[in-house]
Amino acid sequence: MVMKIFFLKNKYVLFGLVLIAGIVFLPTFFNDFQNEWDDTWMLLENPYVINFSWSRFGHHLMHFYSTQYSPVNTLYYVIIYKCFGLDAGIFHFFCLLIHLVNGVFVYRILQILIENVKSGYRIERINVYSGLVALIFLIHPLQVESVAWISASKVLLYAFFSLLGLLVYLKYLRSQNIWYLLAVLACYFMGFGSKEQAIVFPLNLIVVDFLYGRYQEWRSSYRYFFKRVVWEKIPFLLAALLMWYFSAQNGLGPQSAGMTYPLMQRLVLGAYSFMQYIFHFILPVKLSYLYFFPMEIGQKLPLFLWIYPVLILLVLWYIWEMFKSKNRLVLFGILFLGVNLLMVLHFIPVPRNSIIADRYMYLPIIGIALVGVRMVDYL
């Protein structure tokens, strides 16, 4: 048996999580704006914030600003600016507040998921899993960039709406009330309005369906399977296509030939990126705000990079073993990690000046944390 430190009621567990995370990130309150980095153009000199008007905001809704689309994040800045002015400490406070709320969401989502999959688990054991994963989510060093950097608030917000959407989706699965599904769709649009990375959200719903065993329903009721499991995803997939088209029209999409790495190199670089995220989770040392590509476009791949496709094969073997043993909880964790990293692994050539970024692990870290807690419990 793993630790029994979570045998308290939920309110005490949540209080402990919030208290620990608050203490860990307390130093951020003393940080100023990053005047030589993104805080300048995203907030301090952002015309949509400083010279806000609803007509200007309406224009912002239909256009990218400096190659990014985050009108919800901009509105978040506007509200804080109008209420408190340009006080760096206040902006840091609200970043931490959203992070703490996200941690509570993680705790509750995992409680529901684990209770559904591990019906034989006692509530104390479920709280251990949920509490430890939420604690890792809240205080892991990889999360510092997203919480301590004001300009990364769009990461916090897109995660907020993604997690809220998952919570509402779990409610929908219990009730089959169509209004809940519409609320999930609204969360999807709000998440995309916070950060484009939220475009993969429908894949998270599919991963939850897999955990719940919904894709096995076609064996017993083919008609019900298509009516509920398939058709309910169509609005999300159509929304994803619309978002992709909108992004492409605004210049955010695959780079042209000659401006990116060839396909084979992108596959190797994708394997490298994925494994680096795992390594940084296990051993978070020498973290940086910028991780350069190992070579320039047009150059050959360094020989050391070829070890990473081999490591990916080992990961795939592990996934297959978990599939054969019907360990859906571990599979969910791995799939959640992969799905939420999908758009930043360079398989699709989008303009990036960094091969990996700590902030891209903000939401995916939930998946690998769940796998880690499960492995420790098994050992």
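Residues numbered from 1 in each chain as written. Predicted model: local features only at pLDDT ≥ 70, side-chain atom pairs only at ≥ 80, totals over all residues. Heavy atoms only, no water.

Undergrad: What should I look at first to understand the packing of helix α5 (residues 71-84) against helix α10 (residues 178-194) in this one?
TA: When two helices pack together, their arrangement is given by the angle between the helix axes and the distance between those axes. It is at 5 Å that the axes of α5 and α10 come closest, and there the two elements cross at 75°. By the angle between their axes, α5 is roughly perpendicular relative to α10. Facing α5, whose interface residues are P71, V72 and N73, α10 presents M190, G193 and S194. Class assignment for the residues of the contact of α5 with α10 results in three nonpolar, three polar and no charged. (Axes fitted to C-alpha atoms, helices over the stretch in contact; angles between N-to-C directions. Helix = DSSP H or I, 4+ residues; strand = E, 2+ residues; numbered from the N terminus. Parallel < 35°, antiparallel > 145°, perpendicular 65-115°, else oblique. Contact = heavy atoms within 4.5 Å. Nonpolar A, V, L, I, M, F, W, Y, C, P; charged D, E, K, R; others polar.)

Undergrad: Got a minute to help me understand the pattern of salt bridges in this structure?
TA: Inspection of every chain in the model, using the stated rule, returns five salt bridges. Close ionic contact of R359 with E145 constitutes a salt bridge, the shortest N to O distance being 3.3 Å. Here E145 lies in helix α8 (residues 144-148) and R359 lies in the loop between α16 (328-341) and α17 (365-378), a separation of 214 residues in the sequence. When sorted by exposure, R359 lands in the same class as E145, which is buried. (Salt bridge = Lys/Arg side-chain N within 4 Å of Asp/Glu carboxyl O. Buried < 20%, exposed > 50% of the residue type's maximum accessible area, 1.4 Å probe, protein only.)

Undergrad: Can you walk me through the packing of aromatic side chains in this structure?
TA: To describe a pair of aromatic rings, you give the distance between the ring centres and the angle between the ring planes. This structure, assessed with the given rule, holds 27 aromatic pairs. Among the aromatic residues, ring-to-ring pairing joins F29, F84, F93 and F94 into one connected group. Above the plane of the ring of Y360 lies R359, whose end atom (NZ or CZ) is 5.1 Å from the centre. (Phe/Tyr/Trp six-rings, centres within 6.5 Å; stacked < 30°, edge-to-face > 60°. Lys NZ or Arg CZ within 6 Å of the ring centre and 35° of its normal.)

Undergrad: What am I meant to see in the environment of I278 here?
TA: Mapping I278 onto the fold places it in helix α14 (residues 263-282). Each C-alpha atom of the pair I278 and I368 lies 7.7 Å from the other, and the pair is 90 residues apart in sequence. Once residues within four sequence positions are removed from consideration, I278 is found in contact with L337 and I368.

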